[in-house]
Structure formats: structure tokens, C-alpha cells
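# Coordinate inspection notes
Here is how the chains run, residue by residue.
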Amino acid sequence: MTVYFTFIPSRRKKPADLTAMEFAPNQEVPERALKRRVAHHHGPTYYDGVKYGTSLTDSPVEDFPDADPSAFLLVWRRSATQVAPKRGEAPDEVWTLTPRGRVVKNSADTTR
């Protein structure tokens, strides 16, 4: 399964670009990205997917100065036979963090 995601650094501030979509081959990558970006305001990006065999120090990184505990991910799940989400398509899920840093996955329908 491929997981496509868009990082929203804060519920309080409007993101500059909602169309910037990253992707990963599993759920663990976006979970780690969400936790790291909130905790460190910095981290690897996955706009070109996950590059296996590449060290974290060689991966593209970005600063997320506006990231706060209210940050969340818009998530689209796709099987190998499904096409990537189209621009403006509603996400399947919204992932948030608890105060203790656990990722909570909610259906996008329940968060509207």
C-alpha cells in the first residue's frame, strides 16, 4: 500500500501549499515524519518517495518552523493498482498527535 500525505504544521496558521504531497510505501514513514516535524521543527521530506539505501543525512530535509502540537497529516491510502490522489480530492484520513505524542488516525469524514 502506498500512503500519500500532506503535512499541515498547525491548525492555527493557514498552510502555504496544500498541494505539496509526499508519499511512502507504508504507514510508519508518515507517522515518524509527523512526530519528528512537531518535536524538532525539522526533518526529512518524501516528495520523491522513500529512497532505500540512502542515509537520513543524505535525504532531502526541510525546516518546519510553524509546526506545533496541533499539526496533522491529510492522508490518502492507495493500493498498487490505484492511481495517486488527484488535486483537491478529499483525504481518506486525518492523523493527529495526542499530548503524549501518539498518532491518532481518524476517518476524514469524522473530522469535518
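In case you missed it, the structure is sitting above this.
Attention here is on the structure that accompanies the text.

Rules used throughout
The residue numbers shown here count from 1 along each chain, following its written sequence. Side-chain atom pairs in this predicted model are given and counted only at pLDDT of 80 or more, local residue features only at pLDDT of at least 70, and totals for whole chains, interfaces and linings cover all residues. To get the side-chain values, take all heavy atoms of the structure and skip hydrogens and water. Helix numbering and strand numbering both begin at the N terminus, where a helix is a DSSP run of H or I of at least 4 residues and a strand a DSSP run of E of at least 2. Summary of the burial criterion: residues with accessible area below 20% of their type's maximum are buried, those above 50% are exposed, and those between are partly exposed, where the area comes from a 1.4 Å probe applied to protein chains only. Contacts are residue-level and defined by heavy atoms, with any inter-residue pair within 4.5 Å sufficient. Two N or O atoms form a polar contact when they lie within 3.5 Å of each other; inside protein one atom must be a possible hydrogen donor and the other a possible acceptor, and for residues adjacent in sequence the pair counts only when both atoms belong to side chains. Centre distance within 6.5 Å is the pairing criterion for rings of Phe, Tyr and Trp, where only the six-membered ring of Trp is used; planes under 30 degrees apart are then read as stacked, over 60 as edge-to-face, and the remainder as tilted. We call a charge positioned over a ring when the NZ of a Lys or the CZ of an Arg lies within 6 Å of the ring centre and within 35 degrees of the ring normal. We count a salt bridge whenever a side-chain nitrogen from Lys or Arg sits within 4 Å of a carboxyl oxygen from Asp or Glu.

It is worth spelling out the environment of V3 at this point. Along the polypeptide, V3 turns up in strand β1 (residues 2–8). Here V3 falls in the buried class, since its relative accessible area comes to 1%. Sequence separation between V3 and P30 is 27 residues; the distance between their C-alpha atoms is 7.9 Å. Ignoring sequence-local partners within four residues, the contact set of V3 consists of E22, F23, A24, N26, Q27, P30, V75, W76 and W95.

Here we come to the side chain of S10. By the secondary structure assignment, S10 is in the loop between β1 and β2 (22–24). Take S10: its relative accessible area is 1%, and that puts it in the buried class. A polar contact is formed between the side chain of S10 and the backbone nitrogen of R12, at a distance of 3.0 Å. There is a polar contact of 2.7 Å between the side chain of S10 and the side chain of D68. S10 has contacts with D66, D68, S70 and A71, leaving out every residue within four places of it along the chain.

Moving on, we come to the packing of aromatic side chains. Counting across every chain of the model gives 3 aromatic pairs. Between the aromatic rings of Y4 and F23, the centroid separation amounts to 5.8 Å while the plane-to-plane angle is 35 degrees, which identifies the pairing as tilted. Of this pair, Y4 sits in strand β1 while F23 sits in strand β2, and the two are 19 residues apart along the sequence. Between the aromatic rings of F7 and F64, the centroid separation amounts to 5.1 Å while the plane-to-plane angle is 75 degrees, which identifies the pairing as edge-to-face. Separated by 57 residues along the polypeptide, F7 in strand β1 and F64 in the loop between β4 (61–63) and β5 (72–78) bring together distant segments of the chain. Of the residues examined, F7 reaches a relative accessible area of 8% and is grouped as buried. Seen from the ring of F72, R11 lies directly overhead, with NZ or CZ sitting 4.4 Å from the centre. Lying across the ring of F7, R37 places its NZ or CZ 5.2 Å from the centre.

Tallying each qualifying case throughout the model produces 6 salt bridges. Linking E22 and R37 is a salt bridge whose minimum nitrogen-to-oxygen distance equals 2.8 Å. Taken together, the residues E22 in strand β2 and R37 in helix α1 (residues 28–40) connect sequence positions 15 residues apart. The residues E22 and R37 share a single accessibility class, namely buried. A salt bridge links E31 to K105; the shortest N-O distance between them is 2.6 Å. Of this pair, E31 sits in helix α1 while K105 sits in strand β7 (residues 103–107); the two residues are 74 residues apart in sequence, bridging distant segments of the chain. Through salt bridges that share partners, R78, E89 and D92 make up one connected network.

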